Amino acid sequence: QVQLVESGGGLVQPGGSLRLSCAASGSILSIAPMGWYRQTPGKQRELVARIFGDGTTTYADSVKGRFTISRDNAKNTVYLQMNNLKPEDTAVHYCNIVVGGRAYWGQGTQVTVSS
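Here goes a summary of the coordinates provided. Just so you know, these numbers come straight off a predicted model, no measurement behind them.

1. Details of the sheet that holds strand β3 (residues 18–26)
- The 4 strands are arranged β1-β3-β8-β7 in an open sheet whose pairing can be described as antiparallel. Both edges of this open sheet fall to β1 (2–7) and β7 (67–72), since each of them pairs with a single strand only. Across the sheet, the mean angle from the axis of one strand to that of its neighbour is 15°, orientation sign disregarded.
- For β1 and β3, the ladder comprises 6 bridges, and the chain directions are antiparallel. Within β3, the position partnered with valine 5 by the bridge is alanine 23.

Okay, structure coming up:
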């Protein structure tokens, strides 16, 4: 079993920052791709950022320059530093890991950006 535990969501004003964390445990490899996705009601879940075992990263165009994904392979933990948050960033954020071609998901953590 692969388990993902997320933390760090909350309420922040526009322009503020949050740091999300996701710790993975179970039968995984330190080189497994990990990422963050987000979803709002009635919308498809969308990729926010992804990071591979060698540190290579990809970002959605909407968050480039504002968000930074990183990982600690020894701890099987992925982070998402979110700066200059905008109201449109409001969503449930989900941690993801791909192991053996299968995607595993965390429970989600709410990020709300509002004045």
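2. Things to note about the environment of alanine 91
- Within the secondary structure layout, alanine 91 lies in strand β9 (residues 91–99).
- Residues alanine 91 and alanine 103 lie 12 residues apart in sequence; the distance between their C-alpha atoms is 20 Å.
- With residues near it in sequence (within four places) discarded, alanine 91 still touches Arg38, Gln39, Thr40, Thr109, Gln110 and Val111.

3. Some points on the nonpolar core
- If you look at the biggest cluster of nonpolar residues, it comprises 27 residues, and the most contacted ones within it are Trp36, Val78, Leu80, Met82 and Ile97.
- Elements represented by at least two residues in this core include exactly β1, β3, β4 (34–39), β5 (46–51), β7, β8 (77–82), β9 and β11 (109–113).
- Sort the elements by how many residues they give to this core and β3 lands first, with 4 residues.

4. Details of the side chain of arginine 38
- Position of arginine 38 relative to the elements: it lies in strand β4.
- On the basis of relative accessible area, arginine 38 is assigned to the buried category, the value being 6%.
- Engagement of the side chain of arginine 38 in a polar contact is seen with the side chain of glutamate 46, the distance being 2.8 Å.
- In terms of polar contacts, arginine 38 uses its side chain to reach the side chain of aspartate 89, at 2.9 Å.

5. Section: the environment of glycine 26
- Within the secondary structure layout, glycine 26 lies in strand β3.
- Residue glycine 26 is classed as partly exposed on the basis of its relative accessible area of 48%.
- Once the C-alpha coordinates of glycine 26 and valine 2 are considered, the two residues, 24 residues apart in sequence, prove to be 4.5 Å apart.

Conventions used here
Residues numbered from 1 in each chain as written. Predicted model: local features only at pLDDT ≥ 70, side-chain atom pairs only at ≥ 80, totals over all residues. Heavy atoms only, no water. Pairing = 2+ DSSP bridges. Helix = DSSP H or I, 4+ residues; strand = E, 2+ residues; numbered from the N terminus. Axes fitted to C-alpha atoms, helices over the stretch in contact; angles between N-to-C directions. Contact = heavy atoms within 4.5 Å. Core = buried A, V, L, I, M, F, W, Y, C linked by side-chain atoms within 4.5 Å. Buried < 20%, exposed > 50% of the residue type's maximum accessible area, 1.4 Å probe, protein only. Polar contact = N/O pair within 3.5 Å; in protein donor to acceptor, adjacent residues only side chain to side chain.

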